[in-house]
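Structural characterization, general
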Amino acid sequence: MSESSAEMARRVTLTADIVSAYVSNNHVQSADLAKLLGDVHTAICSVTAFVPVADAAPARATAQEIRRSISHEHLISFEDGKPYKTLRRHLTLRGLSPEQYRAKWGLSPDYPMTSASYSEQRSELARALGLGQQRRKTAAVAAPDPVLHSVDEEVPPKKPRTSRKKSG
């Protein structure tokens, strides 16, 4: 069974990384270093010999699975099959963005990342806190009232200020 040179180089690099990590945290005699390298390399070769080759076809969810994964209370992750109120944090921990997740599983671009109940709950909380109302309040204050400032009225001049110093 012939190995490709790229596979052999990958195994040697992996062996070197593992041994250097081990040696940096543990005391190893220089005479034992060659035996350690050989043992680790042999272990890696024996483990990789039994690893099946992954299918080249990407995973795709069927339309029925997609419908079942979305409920009002939670979303079922295609990665681990567990329910989540929001998928963003779960995907981040797995090193995926929402776009990568959708592409990996063949989901539409509008596939939700947050359950409907969680979105409603957050929306109610935002309304209760008055979030998003600042623009309306400042626009109402900034707009001049036409009744108060009519052009026909003259504003009387201000009186000059007098000093209240004590004399003498």
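Residues numbered from 1 in each chain as written. Predicted model: local features only at pLDDT ≥ 70, side-chain atom pairs only at ≥ 80, totals over all residues. Heavy atoms only, no water.

- Per an unreviewed UniProt entry, the protein is named Putative transcriptional regulator, and its organism is Methylobacterium brachythecii.
- In its Sequence similarities (unreviewed entry) section, the UniProt record describing the protein reads: "Belongs to the ros/MucR family." (UniProt positions renumbered as here; feature names shortened; annotations may be inferred.)

**A closer look at helix α5 (residues 98–105)**
- Those residues of α5 lying buried are Pro98, Tyr101, Arg102 and Trp105. Along the axis of α5, the buried positions cluster into a sector of 95°, meaning they face one direction only. Exposed positions of α5 whose direction lies more than 90 degrees from the buried face are Glu99 and Ala103.
- Buried-residue contacts for α5 involve β1 (75–76) and α4 (88–93).
- Residue glycine 106 follows α5 closely and has a positive phi angle near 70°. (Buried < 20%, exposed > 50% of the residue type's maximum accessible area, 1.4 Å probe, protein only. Helix = DSSP H or I, 4+ residues; strand = E, 2+ residues; numbered from the N terminus. Arc of directions from axis to C-beta. Contact = heavy atoms within 4.5 Å.)

**Some points on the side chain of serine 117**
- When you line up the elements, serine 117 lands in helix α6 (residues 116–129).
- For serine 117, a relative accessible area of 13% gives the class buried.
- Non-local contacts of serine 117, meaning those with residues more than four positions away in its chain, are made with His72, Glu73 and Lys85.

**Description of a nonpolar patch on the surface**
- A contiguous nonpolar patch, built from Tyr22, Val23, Leu33 and Leu37 and spanning about 300 Å² of accessible area, is present on the exposed surface.
- Among the secondary structure elements, those contributing two or more residues to the nonpolar patch are α1 (5–25) and α2 (30–49).
- Among the structural elements, leucine 37 can be located in helix α2.
- Judged by its relative accessible area of 35%, leucine 37 falls in the partly exposed class. (Patch = residues over 30% accessible without salt bridge, like charges linked within 9 Å, V, L, I, M, F, W, Y side chains within 5 Å. Areas by Shrake-Rupley, 256 points an atom, 1.4 Å probe, with all protein chains shown as cover. Salt bridge = Lys/Arg side-chain N within 4 Å of Asp/Glu carboxyl O.)

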